[in-house]
There are 2 protein chains.
Amino acid sequence: MSLVVVGSIAFDAVRTPFGEREKMLGGAAVHFSLAASFFTDVRVVGPVGDDFGDQQRSVLEGSGVNTDDIEHVDGGQTFFWKAHYEFDMNMAHTEDTQLGVFGEFEPKLSEASKSADHLFLANIQPDVQRGVLAQIDSARFSGLDSMNLWIDTARDSLVETISGVDLVFLNDAEIRQLTGEPNLVKATRSVMEMGPSIVVAKQGEHGAALFTKDGFFALPAYPLETVKDPTGAGDSFAGGFLGYLASQDDWTDDHVLRRAVVYGSTLASFNVEDFGTERVSGLTREEIDERFEAFRRMTALEGAAA
Amino acid sequence: MSLVVVGSIAFDAVRTPFGEREKMLGGAAVHFSLAASFFTDVRVVGPVGDDFGDQQRSVLEGSGVNTDDIEHVDGGQTFFWKAHYEFDMNMAHTEDTQLGVFGEFEPKLSEASKSADHLFLANIQPDVQRGVLAQIDSARFSGLDSMNLWIDTARDSLVETISGVDLVFLNDAEIRQLTGEPNLVKATRSVMEMGPSIVVAKQGEHGAALFTKDGFFALPAYPLETVKDPTGAGDSFAGGFLGYLASQDDWTDDHVLRRAVVYGSTLASFNVEDFGTERVSGLTREEIDERFEAFRRMTALEGAAA
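Bear in mind that the values here come from a model prediction, so they are computed numbers and not experimental data. (Residues numbered from 1 in each chain as written. Chains lettered and ligands numbered in written order. Predicted model: local features only at pLDDT ≥ 70, side-chain atom pairs only at ≥ 80, totals over all residues. Heavy atoms only, no water.)

Outline the overall build of chain A, supporting the account with residue identities and numerical values.
Of the regular secondary structure elements, chain A holds eleven helices and 13 strands. Rg of the C-alpha trace for chain A: 18 Å, near the compact-globule value of 19 Å for 306 residues, within the 12% margin. When its C-alpha atoms are laid out on the principal axes, chain A stretches across 60 × 40 × 35 Å. In chain A, buried positions account for 57% of the 306 residues. Summing over all exposed atoms, chain A offers an accessible surface of approximately 11700 Å²; the carbon and sulfur share of this is 46%. Averaged over its 24 positive side-chain charges, chain A has a centre that lies 3 Å from the centre of its 49 negative ones. (Helix = DSSP H or I, 4+ residues; strand = E, 2+ residues; numbered from the N terminus. Rg over C-alpha atoms; globule rule 2.2 N^0.38 Å. Buried < 20%, exposed > 50% of the residue type's maximum accessible area, 1.4 Å probe, protein only. Areas by Shrake-Rupley, 256 points an atom, 1.4 Å probe, with all protein chains shown as cover. Lys, Arg positive; Asp, Glu negative; His and termini not counted. Charge placed at Lys NZ, Arg CZ, Asp CG, Glu CD.)

Below, the structure is given as structure tokens:
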């Protein structure tokens, strides 16, 4: 099985109470594809400028991510984002955003990307996301991420885009904002009525919840003592989730979906242990399996002490 | 086994988007004891005024709660609290607080209360909590709840009180505030270094996490479509937790503690389904067992669809 992700490739400047990086590889599509690469073949689609070179490409390729569909824009600059986090690292404080080539991004999928079984639309303007959906066979599995900005400025377009995908990742506040419904159970049902059969509520340090037509599953976040940089946690979650899903035969199986939540949470937990891609790009499958088991122990009702 | 709770008995006036009550039975000790009554013998210790009558007493006694140690203060008024909740019901907006007889409360335990195996100190000024601890055999199991007010105004006293109990219930923000440590794992360890061997982090709509010396367990909240009144959810959680613990032989057993979290979450979930004590006072053990199983299904990694 194969998986394509369309989204931002970026350079990030990030300062947290535990250190600082002036220019490191980042972007939603990067975090997603590195996380997903442990489970399935991944192709990454996104634009870069002249400042994006072999060093950055090798981080992706070193994890087995196919970079053939990265679009290099001559004379352009790669998306740049600068932010810092306070001691309470639940919220990023953006200092600078330079869209660069990402501002003019009009993704055109290659034949190889069009034939992938699974598609993930990282957080982009919803018209652009829909432009990608129009290029693929509607029978393919597709998921998307979005954000409060698009709920504020392009809600109708976002709802139309959501109607075309199988899975939506949003945080609790975004789900409530999108639907105008404060009760999360009712709100996720409203999102499902727009089209998707799966809604994953991202809850940051409190984990994630999976809503399907008939089921509910929730998983707390892994209790980490070391959180150096939360940037990309949500995209790493989505990458672990969809990467695992793409490796399985039946994405409607409740057991498969629950394990996907655990793999997503596992990759997110590793992602935040170090800056940018530094932890996940050096991760081993053995470490992932160990943390999966730690999740199982820490949530088991009859299990031994964790 | 038997359990004593010392804390407020109150009348609450509460308005939420789903209704309003002008004067209903409430208070931490009331919510706690009703929740605990399903598992063990409970005695409630707290002061009431002339406005507290047979009707209120019968709610407690109807659930098997022993009310012999309720202290009636002649000419006094029962603690009164008035608040409302917005559509996002995560926070109560207090409109009025009249401490009444609770303001002068100096608990003196009866012989029967002193001989109880388990003690819960609901949220009271920490000097008063310590006054209760001084009256019981230190070998008894004891737990306490507190709040940001006492961390702000009486931190040293609170830390001293915490050093004398086995279990502390606080929410995430309070644990961070008390310890000055933003990382919750490190912060709970700091609380344990004060004395208790168990810390339960209350996370509201996101559930609860159990920290012990060697273990960690987390449980999401039950996904409710109907939340009418969140008042008393934390005390109902504590009541279900400690009530179940008091019914078991070995409170250091990790399996027992995990089940206690589930029973606590179960009682909290019922509590918020209706105003004040209205849901829990009419609850059956069968309903509790059904919801316990629903929790098991919704968190099981290999379980069937919930």
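Describe the interface of chain A and chain B, naming the residues involved and giving the relevant values.
Residue-level contacts link 39 residues of chain A with 39 residues of chain B. Between chain A and chain B, the buried area comes to about 3500 Å², and carbon and sulfur atoms account for 50% of it. A salt bridge links Glu225 of chain A to Arg189 of chain B, with the shortest nitrogen-to-oxygen separation between them at 2.5 Å. At the junction of chain A with chain B, the criterion picks out 17 residue pairs in polar contact (both at pLDDT 80 or more). The residue inventory of the side of chain A that touches chain B, partitioned by class, reads 18 nonpolar, eight polar and 13 charged. (Contact = heavy atoms within 4.5 Å. Buried area = accessible area lost by both parts, 1.4 Å probe. Salt bridge = Lys/Arg side-chain N within 4 Å of Asp/Glu carboxyl O. Polar contact = N/O pair within 3.5 Å; in protein donor to acceptor, adjacent residues only side chain to side chain. Nonpolar A, V, L, I, M, F, W, Y, C, P; charged D, E, K, R; others polar.)

So what's going on with the sheet that holds strand 10 (residues 167–171) of chain A? Which residues, and what values?
Residues and elements named next belong to chain A. In space, the nine strands of this open sheet follow the order 5-4-1-8-9-10-11-12-13, with mixed pairing throughout. Edge positions in the sheet fall to strand 5 (70–72) and strand 13 (216–219), since each has one partner strand and no second. Averaged over all pairs of adjacent strands, the angle between strand axes in this sheet comes to 15°, irrespective of strand direction. Both strand 11 (residues 198–202) and strand 12 (residues 208–212) contribute to a ladder of five bridges, which runs antiparallel. Across the sheet, residue Val199 finds its bridge partner in strand 12, namely Phe211. Docked against the sheet, helix 8 (residues 184–193) engages strand 10, strand 11 and strand 12, running at close to 55° with respect to strand 12. Its contacts with the sheet put helix 10 (residues 254–271) on strand 11, strand 12 and strand 13, and the angle it makes with strand 13 is roughly 20°. (Pairing = 2+ DSSP bridges. Axes fitted to C-alpha atoms, helices over the stretch in contact; angles between N-to-C directions.)

Can you lay out the relation of the copies chain A and chain B for me, pointing to particular residues and giving the numbers?
Mapping one chain copy onto the other needs a rotation about an axis and a shift along that axis. Between the two copies, chain A and chain B, the superposition gives an RMSD of 0.0 Å; the rotation angle is 180° and the shift along the axis is 0.0 Å. Interpreted geometrically, this transformation is the action of a two-fold axis. Of the interface residues in chain A, 100% have counterparts in chain B that sit at the interface too, so the contact is made through matching surfaces. (Least-squares fit on C-alpha atoms with pLDDT ≥ 70 in both.)

Describe the sheet that holds strand 3 (residues 19–26) of chain A, with residues and values.
Residue and element names in this part refer to chain A. Pairing within the open sheet is mixed, and its four strands lie in the order 3-2-6-7. Every other strand in the sheet has two partners, leaving strand 3 and strand 7 (92–98) as the edge strands with one partner each. On average, adjacent strands in this sheet sit at an angle of 15° to one another, irrespective of strand direction. As paired strands, strand 2 (residues 10–16) and strand 6 (residues 79–85) are joined by six bridges and run parallel to one another. Its bridge partner being in strand 6, Asp12 is matched across the sheet by Trp81.

Break down the pattern of salt bridges for me, citing the residues and quoting the values.
This model, assessed by the stated rule, comprises 34 salt bridges over all chains. A salt bridge links Asp69 of chain A to Arg43 of chain A, with the shortest nitrogen-to-oxygen separation between them at 3.3 Å. Taken together, the residues Asp69 of chain A in the loop between helix 2 (54–62) and strand 5 and Arg43 of chain A in strand 4 (residues 41–48) connect sequence positions 26 residues apart. The burial state of Asp69 of chain A is the same as that of Arg43 of chain A; both residues are buried. A salt bridge links Arg21 of chain B to Glu278 of chain B; the nearest nitrogen and oxygen atoms lie 2.8 Å apart. Taken together, the residues span a long stretch of sequence, with Arg21 of chain B in strand 3 (residues 19–26) and Glu278 of chain B in the loop between helix 10 (254–271) and helix 11 (285–299) at a distance of 257 residues.

I'd like a rundown of the confidence of the model for chain A, residues and numbers included.
Of the residues in chain A, 98% have a pLDDT of 70 or more, and the chain-wide mean is 95. Predicted as a complex, the structure gets a pTM of 0.93 and an ipTM equal to 0.88. (pLDDT = per-residue confidence, 0-100.)

Please provide a residue-by-residue account of helix 10 of chain A, values included.
All names here are of chain A. Look at helix 10: 26 Å from first C-alpha to last across 18 residues, which is about the 26 Å you get at 1.5 Å a residue. Buried residues dominate helix 10, accounting for 17 of its 18 residues. The distance from a side-chain oxygen at the start of helix 10 to the backbone nitrogen of His255 is 2.7 Å, and the residue carrying that oxygen is Asp253. (Expected span 1.5 Å × (residues − 1).)

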